[in-house]
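# Structural overview
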2 protein chains.
Amino acid sequence: MAKLDFGPIADTTRRAEIVALLRRAILTGQLEPGQKLNELRISEQMRVSRAPLREAMRELVQEGILTSIPYAGTFVVDVAAKDIIDAYSLNKVLDEFAIELAWPQRDQRFFDELDRRHEAVKQATRAKDTTRQIETALQLHGLIHEWADNSVLLETWQRLTSRLQMYFALHQRARNEPVPAEDVHETYVALLKGADMRAAQRHAREHIDLDFEELLAYARGLEKRASKN
Amino acid sequence: MAKLDFGPIADTTRRAEIVALLRRAILTGQLEPGQKLNELRISEQMRVSRAPLREAMRELVQEGILTSIPYAGTFVVDVAAKDIIDAYSLNKVLDEFAIELAWPQRDQRFFDELDRRHEAVKQATRAKDTTRQIETALQLHGLIHEWADNSVLLETWQRLTSRLQMYFALHQRARNEPVPAEDVHETYVALLKGADMRAAQRHAREHIDLDFEELLAYARGLEKRASKN
DNA sequence: GACAAGCAGATTGTCGACAATCTAACAAGA
DNA sequence: TCTTGTTAGATTGTCGACAATCTGCTTGTC
C-alpha cells in the first residue's frame with residue numbers, strides 16, 4: 001500500500017463555516033469588542049437560518065471570544081487591560097513548559113518547519129499585510145506547542161492564542177501605522193535551533209515582554225475610553 | 001444604601017440546564033467514554049426539543065468532554081493514558097503558577113475558605129460519597145487558582161478540572177472499593193498556611209503524583225481493553 | 001461466494017414559525 | 001419631579017417538520 005496520508009476532508013456543515021467566518025471577523029477586529037451580534041441580521045446576511053448560526057455562536061462563546069447573556073444577546077468579549085496582562089503572564093508559563101517538552105523532540109522536520117514559518121512571517125511583513133503578519137507570527141510561536149506532544153497544552157495554547165490574535169489585531173488597527181519591518185523573530189528562531197534550552201526559555205519571556213508593553217498601553221487607552229461612557 | 005451584593009440570578013434557559021445535566025452525567029461517569037449521545041432519545045427524555053439540546057452539546061464539545069463528527073454523532077470523549085498524562089503534567093505547571101500568584105494574596109478570608117473546603121472533603125469522605133469527594137477535593141485545590149486573580153488561568157484550570165474529575169470518577173467506578181479514609185490533604189492545607197512557598201509548590205507536585213499513579217494504571221487498563229476490540 | 005449498486009431506516013443538519021423575554025417609551029399617580 | 005405600571009416593538013429561546021447524510025441490508029451480477 002502506498003504511504004500517503006490524506007488530510008481530513010473539509011467540514012461540510014454550515015455551522016463549521018459560520019464558525020470560521022465569525023472567528024475571522026472577530027480576530028481581525030472587523031467585529032469590535034463589546035459589539036452585539038444580531039442573530040436575525042447576520043443569518044440573513046449569510047443566507048442561513050438562525051439554528052446553525054446560534055450553534056456556531058455557542059462554540060465561540062466557549063472559545064472565549066464571545067459572551068452571551070440570556071435573552072439579552074451575544075457580544076464580542078470586552079478587552080480590559082487586566083485580561084491582556086493575565087493572558088500574557090499565562091502565555092509565558094505555557095511557552096516555558098512547551099519549550100521544555102519540545103526540546104528533546106527537535107529534529108530536522110522541526111527545524112525545516114521552523115524556517116518555513118519564519119519565512120511566512122517575513123513575507124507577510126514585506127507585503128505589509130498586518131493581519132497575516134499577526135497570524136503567521138503566532139503560528140511560528142505555536143510550533144513548540146505542536147512539537148511538545150501534549151494535546152492538552154496545545155489546546156490550551158490555541159485558546160489563548162485566539163485572544164492574543166484579537167488583542168494584536170485591535171492594537172494594529174488602532175495605531176494604524178506601518179509595522180516594524182525589522183525581523184524580531186531572528187534570535188528566537190536561532191535559539192530554538194541552538195543547544196541552550198534555558199536561553200531559549202529566557203528569550204521567549206523577554207521577547208514577549210517587548211510587544212506586550214505596546215499592547216498594554218493600548219489596552220489602558222481602551223479602559224480610559226470605556227470609563228468615560 | 002445597604003451594602004448587599006446579590007449574586008447573579010439563576011440561568012433561566014433550558015440550554016443552561018441541559019448543559020448542567022449532561023456535564024454532571026459525564027463527569028460522574030454515568031455516561032461512559034466513547035458512548036454516543038442520541039439527540040432524539042435524550043431530547044425526549046428531557047422533554048425538550050432538539051434545538052437547545054444541540055446548542056448545549058456544542059458547548060460541551062468546546063469544553064472538551066464531548067466530540068462531534070458531522071452527520072455521525074456526538075460522543076463522550078475517549079480517555080487514553082496519554083490524555084491523563086498530558087492533563088496531569090499541565091496541571092502541575094498551572095498549580096505551581098497559581099501558588100506563586102496567590103501566595104502574596106493570602107489573607108484571613110483565604111484561610112477560612114481553605115478550612116471550609118477542607119472540611120467539605122472530610123465530610124464527603126466520612127459519608128463515603130465518592131462522587132462528592134472528588135468534587136470537593138478539586139474545589140479545595142481550585143482555591144489557589146481562584147485566589148491567583150488571573151481570569152485566564154482560572155478558566156484554563158476549570159477546563160482541565162472537568163477532565164480530571166471525569167478521569168477520577170471513571171477510576172473510582174472501575175475499582176469499586178472504599179475510598180481511603182485518611183486525610184491526604186492535611187499537609188497540603190498546612191503548607192498553604194505556612195511561610196514556605198517553594199515547599200507548597202513542591203508538595204503540590206508530589207501529592208498529585210500520588211493519585212496519578214493509580215489513575216494511570218487504570219488508563220492503561222482501558223487502553224488494553226480498547227485494543228482488543 | 002465475492003462484490004458492487006441500490007434501497008430503507010435511522011440520525012443528524014437545517015429551516016421557518018411561534019413563545020418567552022427584554023427594552024424603551026409613555027402614561028398615571030404620589 | 002420622581003416613581004411605578006403599562007404597552008408596543010424588537011430580539012432571543014424553543015419547537016416541530018423537512019432535507020441531507022450515513023449505515024446496514026438486500027439484491028443482482030459475475
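Structural notes, computed from the coordinates. As the structure is a prediction and not an experimental result, all values here were calculated from the model. (Residues numbered from 1 in each chain as written. Chains lettered and ligands numbered in written order. Predicted model: local features only at pLDDT ≥ 70, side-chain atom pairs only at ≥ 80, totals over all residues. Heavy atoms only, no water.)

## Description of the protein's contact with DNA strand D
- Near DNA strand D, the surroundings consist of 20 residues, among which Asn38(A), Arg50(A), Arg54(A), Arg14(B) and Ser49(B) are the closest.
- The sugar-phosphate backbone supplies 73% of the atoms of DNA strand D found within 4 Å of the protein.
- Between a phosphate oxygen of DNA strand D and a side-chain N or O atom of Asn38(A), the distance comes to 3.3 Å.
- Broken down by secondary-structure element, the contributors of at least two residues to the surface near DNA strand D are strand E1 (36–37) and helix H3 (50–63) of chain A together with helix H1 (14–27) and helix H3 (50–63) of chain B.
- Taken together, the residues that form the surface near DNA strand D break down as eight nonpolar, four polar and eight charged. (Near = heavy atom within 4 Å. Polar contact = N/O pair within 3.5 Å; in protein donor to acceptor, adjacent residues only side chain to side chain. Helix = DSSP H or I, 4+ residues; strand = E, 2+ residues; numbered from the N terminus. Nonpolar A, V, L, I, M, F, W, Y, C, P; charged D, E, K, R; others polar.)

## Quick look at the relation of the copies chain B and chain A
- Expressed as a screw transformation, the operator carrying chain B onto chain A has a rotation angle of 180 degrees and an axial translation of 0.0 Å, and the superposed copies differ by an RMSD of 0.0 Å. Interpreted geometrically, this transformation is the action of a two-fold axis.
- Here 100% of the interface residues in chain B have copies in chain A that are interface residues too; the copies meet face to matching face. (Least-squares fit on C-alpha atoms with pLDDT ≥ 70 in both. Contact = heavy atoms within 4.5 Å.)

## Concerning the pattern of salt bridges
Residue and element names in this part refer to chain B.
- The full count for this structure, using the stated rule, is 40 salt bridges over all chains.
- Taking the shortest distance from any N to any O, the salt bridge between Glu63 and Arg23 comes out at 2.9 Å. With Glu63 in helix H3 and Arg23 in helix H1, the pair connects residues that are 40 residues apart, well separated along the chain.
- Using a relative accessible area of 28% as the deciding quantity, one classes Arg23 as partly exposed. (Salt bridge = Lys/Arg side-chain N within 4 Å of Asp/Glu carboxyl O. Buried < 20%, exposed > 50% of the residue type's maximum accessible area, 1.4 Å probe, protein only.)

## Remarks on the packing of aromatic side chains
- Counted under the stated rule, the structure contains six aromatic pairs over all chains.
- Measuring from ring centre to ring centre gives 6.4 Å for Tyr88(B) and Phe168(B), while their planes differ by 80 degrees; the resulting arrangement is edge-to-face. One end of the pair, Tyr88(B), is in helix H4 (residues 81–102); the other, Phe168(B), is in helix H7 (residues 151–175), and 80 residues separate them in sequence.
- The buried category is assigned to Phe168(B), whose relative accessible area is 14%.
- Centroid distance Phe110(B) to Phe111(B): 5.7 Å. Interplanar angle 75 degrees. Geometry classified as edge-to-face. Comparing Phe110(B) with Phe111(B) shows no difference in burial state: the two are buried.
- Through pairs of rings, three or more aromatic residues link up here, namely Phe110(A), Phe111(A) and Trp147(A).
- Taking the ring centre of Trp103(A) as reference, the NZ or CZ of Arg106(A) above it sits at 3.6 Å. (Phe/Tyr/Trp six-rings, centres within 6.5 Å; stacked < 30°, edge-to-face > 60°. Lys NZ or Arg CZ within 6 Å of the ring centre and 35° of its normal.)

## Here's the deal with the interface of chain B and chain A
- With 32 residues of chain B at the interface, the matching set in chain A holds 32 residues.
- Each partner contributes to the roughly 2800 Å² buried at the junction of chain B and chain A, and carbon and sulfur atoms together form 53% of this total.
- The interface formed by chain B and chain A contains ten salt bridges.
- With its nearest N and O atoms 2.8 Å apart, the salt bridge here joins Glu55(B) to Arg54(A).
- Within the residue set of the side of chain B that touches chain A, elements represented by two or more residues are H3, H4 and H7 of chain B.
- Each residue belonging to the side of chain B that touches chain A can be placed in one class, and the counts come to ten nonpolar, eight polar and 14 charged. (Buried area = accessible area lost by both parts, 1.4 Å probe.)

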